[in-house]
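Each chain, letter by letter, is given below.
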Amino acid sequence: QLQSTRRSGNYKPTLWDFERIQSLNSVYTEEKYTTRASELVVQVKKLLLLESNWFLQLELIDDLQKLGVSYRFNHEINQILNRIYLEQKYCNNSERDLYSTALAFRLLRQHGLKVSQDVFDFFKNDEGEFEPNLGDNTKGLLQLYEASFLLTEGEMSLEQARVFSTNLLQKKLDDGIMDEYLSSLVRRSLELPLHWSVQRPNSRWLIDAYTNRSDVNPILIELAKLDFNIVQASYHEELKEVSRWWKETELAEKLPFARDRVVENYIWNVGLLFQPQYGYPRIMTTKLFILITVIDDVFDVYGTLEETELFKKAILSWDVEVLDQLPNYMQICYMALDSFINEMAYHVLKEQGVLIIQDLRKFWADLCVAYAKEAEWYHTGHKPTMEEYIDVAWISISAHLILAHVFFLITNPIGKEAAESLRNYDDIIRNSAMILRLADDLGTSSYEMQRGDVPKAVECYMNEMGASVEEAREHVKCMIREAWMKTSAERFKESPFSKDFIRSAADLGRHAQYMYQHGDGHGIRNPQMEERISTLIFQPID
Ligand SMILES: CC1(C)[C@@H]2CC[C@@]1(C)[C@@H](OP(=O)([O-])OP(=O)([O-])[O-])C2
Ligand SMILES: [Mg+2]
Ligand SMILES: [Mg+2]
Ligand SMILES: [Mg+2]
Ligand SMILES: [Mg+2]
Ligand SMILES: [Mg+2]
């Protein structure tokens, strides 16, 4: 039964239109603020290096990361973590406690230093169970919980730690015995642990939370607020440029069925490429996200089966003859895409001397083949098994294309081995795609089923196993945990990719979990995402 009428995503107009974006301005572009920030950085460096207690140094590093300013101290943090790893101070029994052991474990593993899970055996009884009285120390328990998410496949002790700490923390929340500050941290981490939280977007909330803490260092808070506002001012300029580009394409008018989401698409890149020096990369990857969003809606919402087949053929062949046969709205789409590919390839050729047009076209072709397969399944009523679906959907979520652009924009020089690994969709890309896909399905599939779309991971599991939606969602969350175990393991392997790229691949998955935490934060507005976006982009911290 071919669908004759066109579907609609019922997407509301954008909340922040062209005029609103162009009117953005901030006082934090003034010299005096950057000067003050530099003074504070010098003071914090002294704090870091003069701190003789290894454990307090780790706490300071953890605070800097949570406050979103650790990027200013990479050199000092590398030195400190490498020394603590070599000296293994977290192992000698005299000063060992759960809080410092778990904190060291998490920070060192996140840094690529594989501390053994055996460090936690010290806190178990003869039966190999964690001592129940560990629960008396909530801060230590929370650190054990956060550390347990660094587990890789087969590390049963960390899985045991996750279950043990989750149950006890949940119980403490239900009993309401913690102070407001600690219970707000526990509540937030039980929903999304630190290891799965994208740093920059979450720093806004953590800066506010730290301000309410009694024992916080005022220098840290002043620097965190100042840095946040200075970086936010640079976001404004990037967003204005993307908004001008989007207006010139006139795609919002020509393809009114598609999501008009300039700010939401930009936010993805605040999570994915948070370092302030990546301004131009963020502008380019935001244009990419916007085009992917529009073309995804062409296939998922508006295009008939025949039209989507034709568009796929045009993208596979890049042949003007085929372009001629496309309906007008698809010709516009194709031409916007073609000029973006040329803009991207021109930049890389100019900056790096490498011609990447064929690579980009292949990544787009793989995406459209996957899109067309899903469209065919929808229009013919085919219900794929989970395996069949994942085989196509880890590509249709477009992570391979997004990370290819990140790679070409931040990797200099572009090494042959790394470029080859990129073309072969290295595990780092596949793991990132799995987290993005599964988090996206958890957040969007109920809306997608309402308007009509191919069954997603949740629905495939329900169809195949006769499961309830709750069971299916739990299963998908378990699949996300598995993808995270693989992602965490990649951190310890030799890789041709740079640290920043490996970080971005994991941050793409993290940002998806941030974007879809309260439903579809990208397409269908929800109050939580509106609040997050306005505090991240539109409101400086006072
Ligand atoms: C950038 C993206 C991750 C990619 C394009 C827009 C997205 C937010 C998401 O949109 P969605 O319609 O949910 O994707 P899919 O479910 O149709 O693959 C897929
Ligand atoms: Mg529109
Ligand atoms: Mg879609
Ligand atoms: Mg789609
Ligand atoms: Mg590998
Ligand atoms: Mg979706």
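Procedures and definitions
Residues numbered from 1 in each chain as written. Chains lettered and ligands numbered in written order. Predicted model: local features only at pLDDT ≥ 70, side-chain atom pairs only at ≥ 80, totals over all residues. Heavy atoms only, no water. Phe/Tyr/Trp six-rings, centres within 6.5 Å; stacked < 30°, edge-to-face > 60°. Buried < 20%, exposed > 50% of the residue type's maximum accessible area, 1.4 Å probe, protein only. Helix = DSSP H or I, 4+ residues; strand = E, 2+ residues; numbered from the N terminus. Lys NZ or Arg CZ within 6 Å of the ring centre and 35° of its normal. Core = buried A, V, L, I, M, F, W, Y, C linked by side-chain atoms within 4.5 Å. Contact = heavy atoms within 4.5 Å. Donors = N, O, S within 2.8 Å, 3.2 Å for Na, K, Ca; no water. Salt bridge = Lys/Arg side-chain N within 4 Å of Asp/Glu carboxyl O. Near = heavy atom within 4 Å. Polar contact = N/O pair within 3.5 Å; in protein donor to acceptor, adjacent residues only side chain to side chain. 1 Å grid on protein atoms, 1.4 Å probe; cavity = no way out; pocket = protein on both sides within 12 Å on 5 of 7 lines; lining within 4 Å. Sits in = over half its atoms within 2 Å of the grid points. Nonpolar A, V, L, I, M, F, W, Y, C, P; charged D, E, K, R; others polar. pLDDT = per-residue confidence, 0-100. Points joined across faces, edges and corners; volume = space filled by probe spheres on them.

**A few points about the packing of aromatic side chains**
Counted by the stated rule, this structure contains 26 aromatic pairs. With a centroid separation of 4.5 Å and an interplanar angle of 45 degrees, the aromatic rings of Tyr-28 and Tyr-33 are classed as tilted. For the pair formed by Tyr-28 and Tyr-33, the shared burial category is buried. An angle of 75 degrees between the planes, with centres 5.9 Å apart, marks the rings of Tyr-235 and Tyr-266 as edge-to-face. With Tyr-235 in helix H10 (residues 218-249) and Tyr-266 in helix H12 (residues 262-272), the pair connects residues that are 31 residues apart, well separated along the chain. The two residues Tyr-235 and Tyr-266 agree in class, both being buried. Every member of this aromatic cluster is reached through a ring pair, and the members are Tyr-145, Phe-149, Trp-196 and Trp-484. Here the guanidinium or amino end of Arg-6 rests over the ring plane of Tyr-302, the centre of that ring lying 4.2 Å away. When the ring centre of Phe-122 is taken as origin, the NZ or CZ atom of Arg-96, which lies over that ring, is 4.2 Å away.

**Some words on unusual backbone geometry**
In this structure, Pro-413 follows Asn-412 across a cis peptide bond, with omega equal to 5 degrees. Among the secondary structure elements, Pro-413 is positioned in the loop between helix H19 (399-410) and helix H20 (416-423). Although it is not a glycine, Asn-10 adopts a positive phi angle of roughly 50 degrees. You can see Asn-10 is positioned in the segment before helix H1 (18-22). Classification of Asn-10 by relative accessible area gives exposed; the value is 57%. The residue Gln-88 is not glycine, and still its phi comes out positive at about 50 degrees. In this fold, Gln-88 is placed in the loop between helix H4 (74-87) and helix H5 (98-110). Judged by its relative accessible area of 36%, Gln-88 is partly exposed.

**Quick notes on the nonpolar core**
Core analysis: the biggest nonpolar cluster contains 196 residues, and Phe-120, Phe-311, Trp-364, Phe-408 and Ile-537 have the highest contact counts within it. When residues in this core are grouped by element, the largest group, 14 residues, is from H10. Residues within four places of Ile-537 in sequence aside, it is in contact with Leu-24, Gln-232, Tyr-235, His-236, Leu-239, Tyr-266 and Ile-267.

**Things to note about the coordination of the magnesium ion (ligand 6)**
Taken together, the protein ligands of the magnesium ion (ligand 6) are Asp-440 (OD), Thr-444 (OG1) and Glu-448 (OE), with distances of 2.1 to 2.3 Å. Donor residues for the magnesium ion (ligand 6) sit on one chain with the sequence pattern D-x3-T-x3-E.

**Here's the deal with the pattern of salt bridges**
Inspection of the entire model under this criterion finds 39 salt bridges. When the shortest N-O distance is used, the salt bridge between Arg-36 and Glu-222 registers 2.7 Å. Linking Arg-36 in helix H2 (residues 31-50) with Glu-222 in helix H10, this pair joins segments that are 186 residues apart in sequence. Looking at Arg-36, the relative accessible area reads 30%, which means it is partly exposed. With a relative accessible area of 31%, Glu-222 lands in the partly exposed category. Connected via shared salt-bridge partners are Glu-448, Arg-451, Asp-453 and Lys-456.

**Thoughts on the environment of Phe-55**
When you line up the elements, Phe-55 lands in helix H3 (residues 54-66). When the C-alpha positions of Phe-55 and Lys-350 are compared, they lie 47 Å apart, and in sequence the two are 295 residues distant. Aside from chain neighbours lying at most four places away, what touches Phe-55 is Tyr-99, Ser-100 and Leu-103.

**Points about the site of ligand 1**
In the neighbourhood of ligand 1, 16 residues make up the surrounding shell, with Asp-296, Asp-300, Arg-437, Asp-440 and Lys-456 lying closest. Within the side chain of Asp-296, one N or O atom sits 2.8 Å away from an oxygen atom of ligand 1. At 2.5 Å, a side-chain N or O of Asp-300 approaches an oxygen atom of ligand 1. Counting atoms within 2 Å of the grid points, the majority share of ligand 1 lands in the largest cavity. Looking at the shell around ligand 1, the elements with two or more residues in it are helix H13 (279-302) and helix H21 (427-451). Sort the elements by how many residues they give to the shell around ligand 1 and H13 lands first, with five residues. When grouped by side-chain class, the residues that make up the shell around ligand 1 number five nonpolar, four polar and seven charged.

**Re the confidence of the model for the chain**
Of all residues in the chain, 99% attain a pLDDT of 70 or more, and the chain-wide mean is 95. The ipTM, which scores confidence in the relative placement of chains, is 0.93 for this predicted complex, and the corresponding pTM is 0.96.

**Digging into the side chain of Thr-285**
Its place among the elements puts Thr-285 in helix H13. Polar side-chain contacts of Thr-285 include one of 3.3 Å to the backbone oxygen of Arg-282.

**So, empty space enclosed by the protein**
Under the criterion given, the structure shown has five cavities of 30 Å³ or more. Elements supplying a minimum of two residues to the lining of the largest cavity: H12, H13, helix H17 (357-380) and H21. Residues of the lining of the largest cavity, tallied by class, amount to nine nonpolar, six polar and eleven charged. Its boundaries defined by the atoms lining it, the second largest cavity holds a volume of some 100 Å³. In terms of lining residues, the second largest cavity is bounded by 16 residues, among which Leu-15, Trp-16, Glu-264, Gly-521 and Arg-525 are the most central. Top element by residues in the lining of the second largest cavity is helix H25 (residues 527-538). It accounts for three residues. Its residues placed into classes, the lining of the second largest cavity shows six nonpolar, five polar and five charged.

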